[in-house]
Amino acid sequence: LVDVREAHERATGMATGAVACLADALASTFTDRSREIALICETGVRSSRAAEALQALGYERVASVDGGTRRWRADGLPITVPDGDADFFERYSR
């Protein structure tokens, strides 16, 4: 599972077990085009676009998590929140 959100978005919590990689770096990071790759963003829009872009490059086993991290949270699936500075959540909760 690959989280394609920006760092400030991931700082509020990621699907447990996900790794971080911005969408524009996916092809250079995951070079095995036969590898299974599931992508997730906040709502599923960016991860769906990223999945389509990888498929256009010949990646065979790519999927996007429908509904993204919002749905993941709503479904009660595990989220890992990284340690951050004390006022991070106050600054980015607006």
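Let me begin by describing the structure that accompanies this report. (Residues numbered from 1 in each chain as written. Predicted model: local features only at pLDDT ≥ 70, side-chain atom pairs only at ≥ 80, totals over all residues. Heavy atoms only, no water.)

1. Here we look at the overall build of the protein
And then number 1: Across its full length, the protein holds 5 helices and 6 strands.
And then number 2: Along the protein, helices (α) and strands (β) appear in the sequence β-α-β-β-α-β-α-β-α-β-α when read from the amino end.
And then number 3: Going through the 94 residues of the protein one by one, you find that 33% of them count as buried.
And then number 4: Long-range contacts, defined here as pairs at least 24 residues apart, represent 63% of the contacts in the protein between residues at least 6 apart.
And then number 5: Looking at the protein as shown, the accessible area adds up to about 5,700 Å², and 50% of this sits on carbon and sulfur atoms. (Helix = DSSP H or I, 4+ residues; strand = E, 2+ residues; numbered from the N terminus. Buried < 20%, exposed > 50% of the residue type's maximum accessible area, 1.4 Å probe, protein only. Contact = heavy atoms within 4.5 Å. Areas by Shrake-Rupley, 256 points an atom, 1.4 Å probe, with all protein chains shown as cover.)

2. Things to note about the pattern of salt bridges
And then number 1: Following the criterion strictly, the structure yields 7 salt bridges and no others.
And then number 2: One salt bridge in this structure joins Asp 75 and Arg 71, with 3.6 Å as the shortest N-O distance.
And then number 3: Among the residues examined, Arg 71 registers a relative accessible area of 42% and is labelled partly exposed.
And then number 4: If you follow the salt bridges from partner to partner, you end up with Asp 3, Arg 5, Glu 42 and Arg 70 in one network. (Salt bridge = Lys/Arg side-chain N within 4 Å of Asp/Glu carboxyl O.)

3. Considering the side chain of Arg 5
And then number 1: Residue position: Arg 5 is located in the loop between strand E1 (2–3) and helix H1 (7–10).
And then number 2: At a separation of 2.9 Å, a polar atom in the side chain of Arg 5 contacts the side chain of Glu 42. (Polar contact = N/O pair within 3.5 Å; in protein donor to acceptor, adjacent residues only side chain to side chain.)

4. A look at the nonpolar core
What tends to happen in soluble globular proteins is that the nonpolar side chains get buried as a cluster.
And then number 1: Residues Val 2, Leu 26 and Leu 39 are the most contacted members of the largest nonpolar core, which totals 13 residues.
And then number 2: Among the secondary structure elements, those contributing two or more residues to this core are strand E4 (36–40) and helix H3 (45–56).
And then number 3: Looking at this core, the element that brings in the most residues is H3, giving 3 residues.
And then number 4: When neighbours within four sequence positions are excluded, Val 2 is seen to be in contact with Val 19, Cys 21, Leu 26, Phe 30, Ile 37, Ala 38, Leu 39 and Ile 40.
And then number 5: Listed in part, the 6 residues of the second largest apolar core include Met 14, Ala 18, Ile 40 and Val 65. (Core = buried A, V, L, I, M, F, W, Y, C linked by side-chain atoms within 4.5 Å.)

5. Notes on the pairing of strand E5 (residues 61–64)
And then number 1: When E4 meets E5, the two strands line up parallel, connected through 4 bridges. Bridge assignment links Leu 39 to a residue of E5, and that residue is Ser 64.
And then number 2: Once the chain exits E4 it traverses H3 before rejoining the sheet at E5, and the crossover so formed is right-handed. (Pairing = 2+ DSSP bridges. Right-handed = clockwise from strand over helix to strand, strands pointing away.)

6. A look at the sheet that holds E5
And then number 1: Taken together, 4 strands build an open sheet; the order of strands is E3-E1-E4-E5 and the sheet is parallel. The strands lining the two open edges of the sheet, one partner per strand, are strand E3 (19–20) and E5.
And then number 2: Inspection of the sheet shows E1 paired to E3 by 2 bridges, in the parallel sense. Residue pairing across strands places Val 2 opposite Val 19, the latter belonging to E3.
And then number 3: Along the sheet, H3 contacts E4 and E5; its crossing angle with E5, the most-contacted strand, is approximately 165°. (Axes fitted to C-alpha atoms, helices over the stretch in contact; angles between N-to-C directions.)

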